[in-house]
Protein chains: 2
Amino acid sequence: MRVLGVDPGLTRCGVGIVDGAPGKPLRLVHVAVLRTSPDEDIATRLLGIETGIEALMAEFTPDAVAVERVFAQHNVRTVMGTAQAGAIAIVAAARRGLPVALHTPSEAKAAVTGNGRADKAQVTMMVTRLLRLEAAPKPADAADALALAICHVWRGGAQARLEAARRAVRQTGSRS
Amino acid sequence: MRVLGVDPGLTRCGVGIVDGAPGKPLRLVHVAVLRTSPDEDIATRLLGIETGIEALMAEFTPDAVAVERVFAQHNVRTVMGTAQAGAIAIVAAARRGLPVALHTPSEAKAAVTGNGRADKAQVTMMVTRLLRLEAAPKPADAADALALAICHVWRGGAQARLEAARRAVRQTGSRS
């Protein structure tokens, strides 16, 4: 299973692609940060993120997309941008028929470190170790996107099957 | 100028299309509410909104899109959905090269009633009057989308020219 993890943001949108399956070694496919300038208007910025994510999907053909679930507990302006950038990633995946899962930051941290409150250094260290990299992934702040992708490899399979089952039931229901 | 106004929301996304120009009579082209079910997953909902907005743009070919600017002062869950749905509308417009403007709810209310704190009934009454409709527009809660479109007809032209000028300056700057 190839998973694209997206740590959404307007100014910096982390993207990490990982190959893996539960119980098997993980492999880093690609990691990057999509950037847009705060000097641009919101339409240009969202289009830039969409173009970047579309290009990644076309080049690396992930089987699933994991996006960080946003909470509004932080800075209000940041959260709005995060929600907007996340929506772009979610709909880009949906347009291609790819399953989309949302995982919270704590779920991603817990998946790679065992601790939902782990700090950035610990997450980066474990991502480096789990992907058997010789050095920490660069750019450094895309480690969260890789943690999301790894989280999804390990939890996502079950979630996707549940969701597929739920859709099947719903469709059967609406036909009857 | 034909303007598509979007009052974004996941469960109910108001859309209103108005023809007009500053100092000329306004004309209602189309009004509707795009709905998605809270029982669906977020990817399905955002894709539903995108499909609906794309269809409107294809059918009615607006010259500009006005989207309500979201603030995080209300219910946190609602605001996240509003930000996500708004992002879908913004990027759909940007993909077509249409200018996008954001107006606050107060700006839209002030444009049609003269009072930025006008209540829903007053906004609906003025939208009905300004568009010279025989009855209040239906569905009723798309009146906000029409108010946004009208607001944009009256203020948007100047904004769009400013933005175009700003881009031109920026591009000249980056070439030098």
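Nothing here was measured: the structure is a model prediction, and the numbers come from that model. (Residues numbered from 1 in each chain as written. Chains lettered and ligands numbered in written order. Predicted model: local features only at pLDDT ≥ 70, side-chain atom pairs only at ≥ 80, totals over all residues. Heavy atoms only, no water.)

Next up on the list: unusual backbone geometry. Following Lys138(A), the chain continues to Pro139(A) via a peptide bond in cis, the omega torsion being -5°. Here Pro139(A) shows up in the loop between helix H4 (120–130) and helix H5 (143–175). Phi is positive for Thr61(B), which is not a glycine, with a value near 35°. Tracing the sequence through the fold places Thr61(B) in the loop between helix H1 (42–60) and strand E4 (64–68). We classify Thr61(B) as exposed; its relative accessible area is 52%. (Helix = DSSP H or I, 4+ residues; strand = E, 2+ residues; numbered from the N terminus. Buried < 20%, exposed > 50% of the residue type's maximum accessible area, 1.4 Å probe, protein only.)

Moving on to the interface of chain A and chain B. Contacts between chain A and chain B engage 27 residues on the former and 27 residues on the latter. Where chain A abuts chain B, roughly 2,200 Å² becomes buried across the two surfaces, and 70% of that area is made up of carbon and sulfur atoms. Elements supplying a minimum of two residues to the side of chain A that touches chain B: helix H1 (42–60), helix H2 (76–95), strand E5 (100–103) and H5 of chain A. Per-element accounting of the side of chain A that touches chain B gives the leading share, 11 residues, to H2(A). When the residues that make up the side of chain A that touches chain B are grouped by side-chain class, the tally is 17 nonpolar, 2 polar and 8 charged. (Contact = heavy atoms within 4.5 Å. Buried area = accessible area lost by both parts, 1.4 Å probe. Nonpolar A, V, L, I, M, F, W, Y, C, P; charged D, E, K, R; others polar.)

Take the UniProt feature "binding site: Mg(2+) 1" (unreviewed entry) in chain A next. Residue and element names in this part refer to chain A. According to UniProt, the positions carrying the feature "binding site: Mg(2+) 1" (unreviewed entry) are Asp-7 and Asp-141. Over a stretch of 135 residues, the named residues converge on one spot in the fold, their C-alpha atoms separated by at most 9.3 Å. Among the secondary structure elements, Asp-7 is positioned in strand E1 (residues 2–7). Ignoring sequence-local partners within four residues, the contact set of Asp-7 consists of Arg-12, Cys-13, Gly-14, Glu-68, Asp-141, Asp-144, Ala-145 and Leu-148. Relative to the helices and strands, Asp-141 resides in the loop between H4 and H5. (UniProt positions renumbered as here; feature names shortened; annotations may be inferred.)

This brings us to the relation of the copies chain A and chain B. When chain A is fitted to chain B, the residual RMSD is 0.1 Å, and the transformation amounts to a turn of 180° plus an axial shift of 0.0 Å. Each copy turns onto its partner about a two-fold axis. For chain A, the smallest separation between a C-alpha atom and the rotation axis is recorded for Gln84(A), amounting to 2.5 Å. A share of 100% of the interface residues of chain A reappears at the interface of chain B, consistent with the copies meeting face to face through the same patch. (Least-squares fit on C-alpha atoms with pLDDT ≥ 70 in both.)

All names here are of chain A. Under the local residue numbering, the UniProt record ascribes the feature "active site" (unreviewed entry) to Asp-7, Glu-68 and Asp-141. Of note, Glu-68 is situated in strand E4 (residues 64–68). Not counting residues within four places of it along the chain, the set of residues in contact with Glu-68 comprises Val-6, Asp-7, Pro-8, His-103, Pro-105 and Leu-148. Residue Asp-141 is classed as partly exposed on the basis of its relative accessible area, which comes to 23%. Beyond its immediate sequence surroundings of up to four residues, Asp-141 is in contact with Asp-7, Arg-12, Val-33 and Lys-120.

With that settled, the discussion passes to the side chain of Thr128(B). Residues and elements named next belong to chain B. When you line up the elements, Thr-128 lands in helix H4 (residues 120–130). Judged by its relative accessible area of 11%, Thr-128 is buried. The contacts of Thr-128, once residues within four sequence positions are left out, are Leu-133, Ala-135, Ala-136 and Pro-137.

So, about H1(B). Residues and elements named next belong to chain B. Here H1 contains 19 residues, and its C-alpha end-to-end distance of 27 Å stays within 8% of the 27 Å for a straight helix at 1.5 Å per residue. Among all positions in H1, only Ile-42, Ala-43, Arg-45, Leu-46, Ile-49, Glu-50, Gly-52, Ile-53, Leu-56, Met-57 and Phe-60 are buried. A side-chain oxygen of the first residue of H1 lies 3.2 Å from the backbone nitrogen of Ala-43; this N-cap is Asp-41. A positive backbone phi angle near 35° is found at Thr-61, which sits one or two residues after H1. (Expected span 1.5 Å × (residues − 1). Polar contact = N/O pair within 3.5 Å; in protein donor to acceptor, adjacent residues only side chain to side chain.)

This part is about the sheet that holds strand E2 (residues 12–19) of chain A. Residues and elements named next belong to chain A. Sheet architecture is open: 5 strands sit in the order E3-E2-E1-E4-E5, paired in mixed fashion. The sheet is open, and its two edges are formed by strand E3 (27–35) and E5, each paired on a single side. Averaged over all adjacent pairs, the angle separating strand axes in this sheet is 20°, with direction ignored. Of the pairings in the sheet, the one linking E1 to E2 comprises 6 bridges and is antiparallel in character. Counterpart to Gly-5 in the pairing with E2 is Gly-16. On the sheet, H1 packs against E1, E2, E3 and E4 and is oriented at approximately 165° with respect to E3. (Pairing = 2+ DSSP bridges. Axes fitted to C-alpha atoms, helices over the stretch in contact; angles between N-to-C directions.)

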